[in-house]
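A structural walkthrough
The lines below spell out each chain.
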Amino acid sequence: MKKIFTLFVMLMLMMVSVWAQVPQKMSYQAVVRNSNNQLVTNQQVSVRITILQGSVSGTPVYVERHTTTTNVNGLMTVEVGDGIVESGDMSTIDWGGVWPLFSQE
């Protein structure tokens, strides 16, 4: 009986780790500055997030857009995977060789 219980506990732990493997969202924060290097505070900003395969000049495999508001320190926060998808599918990304690229629109 003790062996069965131990086997059951090990199996349950393995199942929990399998469910935790696929990220559906990732937090991203950045301080936003204008072309004069001044903080952009308490303003709405648009951001495009591009995930590239292979290298910094690689093929875009996922692109999404966000509109958010900066705080008094110019900090903006978005959840990658929760924006307006322009192309790609986050669940099919091969995370072994990607490069994130963030740009202000």
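Conventions adopted
- Residues numbered from 1 in each chain as written.
- Predicted model: local features only at pLDDT ≥ 70, side-chain atom pairs only at ≥ 80, totals over all residues.
- Heavy atoms only, no water.
- Salt bridge = Lys/Arg side-chain N within 4 Å of Asp/Glu carboxyl O.
- Helix = DSSP H or I, 4+ residues; strand = E, 2+ residues; numbered from the N terminus.
- Buried < 20%, exposed > 50% of the residue type's maximum accessible area, 1.4 Å probe, protein only.

This part covers the pattern of salt bridges. Summed over all chains, the structure comprises three salt bridges. In this structure, the salt-bridge partner of E86 is R48, at a minimum N-O distance of 3.0 Å. Of this pair, E86 sits in strand β5 (residues 84–88) while R48 sits in strand β2 (residues 44–53), placing them 38 residues apart in sequence. Judged by relative accessible area, E86 falls into the partly exposed class, the value being 36%. According to the relative accessible area criterion, R48 is partly exposed, its value standing at 30%. We note a salt bridge from E86 to R65, for which the minimum N-O separation is 3.0 Å. One end of the pair, E86, is in strand β5; the other, R65, is in strand β3 (residues 59–69), with 21 residues separating them in the sequence.

Nothing here speaks to function; it is geometry throughout.
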